Amino acid sequence: MALTPPAERHANDGRILIYFDYFRAIAIVLIIISHCYNTWQVNRLWEATLVNIISGNTALFVFISGFFFYYIYYPRFRYGSFLIKKSLFVFLPYLTLSLLFMIYHYFSRGEIAMTSYLNEYFGTTLSNGWLILINLLTGRTQWAYWYIPFAMLLFLLSPVFIRFIHLALMPKILITTILFIMSMFVQRPLMEINPFHSFIYFVPYYLLGIIYSMEHAKINAWLRGKSFSLFLLTVAVAMLMYFLGQTNNAGKASILVWHGLDYMVLQKLTLILFILAFTLYWQQYNLPFLKTIANMSFALYFLHQWILSFMRDFGVGEINHGFTGVILISIIAMTLSYLLARIIKQMLKSKSRYVIGW
């Protein structure tokens, strides 16, 4: 997700971060909803269209992170201090919450988290030591935590992105386009278990974020006034995916195995354009709640998985439901995650950044 600390703001252009705050808020809401499907049986066109719009929005977070890498970090980039900051405010909360969840899961269920999934994936019965190690290296402790090992790869390879920034515009566009085409072939990793596979799939969104950050004035001039047409486009692509046989994300275990094309790549590109145009319009209005959600987005990302896990333990998330149930579960998860984040922030003050990233 967009792992930019809320306190870090560019002094020369506050308005651009207003609409990016709105962008971040929309992105975290979409990602939480996408984890609340549970028993929703998706059969009809309108359902598949909604799923294709709501799913796969890690792409939005990667795009935002690429934007902020150039906009905030590049002007005063120091590789060592950059990695230290990311280790303290990104990896440390991930490590803390992952270990706490594994302890909770072990004592409540008598096994390491994701035991059955990991044994199935590797085709063997893994020892507890291997299960713990694989969980931490892949982020499989919680369904959404896979993002952090992948994000750490992005941070480690920052010098490569500095070189990318120094290229002329056309080579940047060409490289990014080629990588997007590659993403359609490689698809997402099965069970999100391979951070290197995730890197290959998602890195063009990061590069796109960098390009947009560098060229935002020109791109925004084109985007303004196009919210409705871009909305129709993103819905049309989501519908087209259904007719092409794809609902939700496409994934496979091996990059080299042919498993068709992942049209979600095209859907997320149109969705990014729509949300940019949409938030550019709405930045003229002061929407403090969206700003709050944006600033808390990292904490909501970490904590909503805990809330959903507790809801499953109490049987709430497993009730048979349709789309109405998805909305209800999403509202409960977001509300409780928000309240839990507030409580932790109140208790730990500034130290909460080491635990929940906010």
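Residues numbered from 1 in each chain as written. Predicted model: local features only at pLDDT ≥ 70, side-chain atom pairs only at ≥ 80, totals over all residues. Heavy atoms only, no water.

**Side note on the overall build of the chain**
- In terms of regular secondary structure, the chain is built from 16 helices and two strands.
- By the compact-globule yardstick of 21 Å for 358 residues, the chain fits well, its C-alpha radius of gyration being 20 Å.
- Along the three orthogonal principal directions, the C-alpha set of the chain runs to about 55 × 50 × 40 Å.
- Classification of the 358 residues of the chain by burial places 52% in the buried group.
- A sequence separation of at least 24 residues applies to 80% of the contacts in the chain between residues at least 6 apart.
- Placing the 25 positive and 11 negative side-chain charges of the chain at their respective mean positions leaves the two points 12 Å apart. (Helix = DSSP H or I, 4+ residues; strand = E, 2+ residues; numbered from the N terminus. Rg over C-alpha atoms; globule rule 2.2 N^0.38 Å. Buried < 20%, exposed > 50% of the residue type's maximum accessible area, 1.4 Å probe, protein only. Contact = heavy atoms within 4.5 Å. Lys, Arg positive; Asp, Glu negative; His and termini not counted. Charge placed at Lys NZ, Arg CZ, Asp CG, Glu CD.)

**Observations regarding unusual backbone geometry**
- The phi dihedral of Met114 falls on the positive side, at around 65°, and the residue is not glycine.
- By the element assignment, Met114 lies in the loop between α4 (79–109) and α5 (115–122).

**A few points about the nonpolar core**
- Core analysis: the largest hydrophobic core is formed by 109 residues, its most contacted members being Phe20, Phe69, Tyr147, Ile148, Phe161, Leu276 and Tyr301.
- Ranked by residue count, the leading element in this core is helix α3 (residues 58–73), at 12 residues.
- Once you skip the residues sitting within four places of it in the chain, Phe69 turns out to touch Tyr74, Phe77, Phe82, Ser158, Phe161, Ile162, Ile165, Tyr206 and Ile210. (Core = buried A, V, L, I, M, F, W, Y, C linked by side-chain atoms within 4.5 Å.)

**Some remarks on the confidence of the model for the chain**
- When pLDDT is averaged across the chain, the result is 92; 94% of the residues are at 70 or more.
- Considering only residues more than four positions removed or in separate chains, one finds that residues 1–15, a stretch of pLDDT under 50, has 41 contacts. (pLDDT = per-residue confidence, 0-100.)

**Considerations on helix α7 (residues 147–156)**
- The element α7 is extensively covered by neighbouring structure, given that nine of its 10 residues are classed as buried.
- Among all positions of α7, only Tyr147, Ile148, Pro149, Phe150, Ala151, Met152, Leu153, Leu154 and Phe155 are buried.
- Buried positions along α7 lie against α3, α4, α6 (128–138), α8 (158–166), α10 (195–223) and α14 (297–313).

**Notes on the packing of aromatic side chains**
- With the rule as written, the count across this model stands at 58 aromatic pairs.
- The interplanar angle of 75° and the centroid separation of 6.4 Å between the aromatic rings of Tyr147 and Tyr301 together place this pair among those described as edge-to-face. Of the two residues, Tyr147 is situated in helix α7 and Tyr301 in helix α14; the sequence distance between them amounts to 154 residues. Take Tyr147 and Tyr301: they sit in the same class, and that class is buried.
- One cation-aromatic arrangement involves Lys345 over Trp358; the distance from NZ or CZ to the ring centre is 5.1 Å.
- Arg353 extends its terminal NZ or CZ atom over the ring of Phe89, reaching a point 3.7 Å from the ring centre. (Phe/Tyr/Trp six-rings, centres within 6.5 Å; stacked < 30°, edge-to-face > 60°. Lys NZ or Arg CZ within 6 Å of the ring centre and 35° of its normal.)

**What to know about the packing of α14 against helix α15 (residues 323–348)**
- Look at α14 against α15: their axes get within 8 Å of each other, and the N-to-C directions meet at 120°. Here α14 lies oblique to α15, going by the angle between them. Here α14 runs over α15; the crossing is right-handed. Between α14, through Ala299, Leu300, Leu303, His304, Ile307, Leu308 and Met311, and α15, the contact on the second element is made entirely by Ile329, Ile332, Ala333, Leu336, Ser337, Tyr338, Leu340, Ala341 and Ile344. (Axes fitted to C-alpha atoms, helices over the stretch in contact; angles between N-to-C directions. Parallel < 35°, antiparallel > 145°, perpendicular 65-115°, else oblique. Left-handed = near helix turned anticlockwise from the far one by under 90°.)

**As for the packing of α3 against α10**
- Remark: α3 packs on α10, axes separated minimally by 7 Å, with the N-to-C direction vectors making an angle of 45°. Considering their axes alone, α3 and α10 lie oblique with respect to each other. Like other packed secondary-structure pairs, α3 and α10 cross with a definite hand, here right-handed. Of the residues in α10, those in contact with Thr58, Ala59, Val62, Phe63, Ser65, Gly66, Phe67, Phe69, Tyr70 and Tyr71 of α3 are Phe202, Tyr205, Tyr206, Leu208, Gly209, Ile210, Tyr212, Ser213 and Met214.
- A breakdown of the residues in the contact of α3 with α10 according to their chemical character gives 14 nonpolar, five polar and no charged. (Nonpolar A, V, L, I, M, F, W, Y, C, P; charged D, E, K, R; others polar.)

**Digging into the environment of Phe69**
- Note on placement: Phe69 falls in helix α3.
- For the pair Phe69 and Leu207, spaced 138 residues apart in sequence, the C-alpha separation works out to 9.9 Å.

**What to know about the environment of Arg188**
- In this structure, Arg188 sits in strand β1 (residues 188–189).
- Placed 12 residues apart in sequence, Arg188 and Ile200 show a C-alpha to C-alpha distance of 8.8 Å.
- The contact partners of Arg188, leaving out residues within four places of it in the chain, are Gly56, Thr58, Trp146, His197, Tyr201, Phe202, Asn249, Ala250, Gly251, Lys252 and Asp262.

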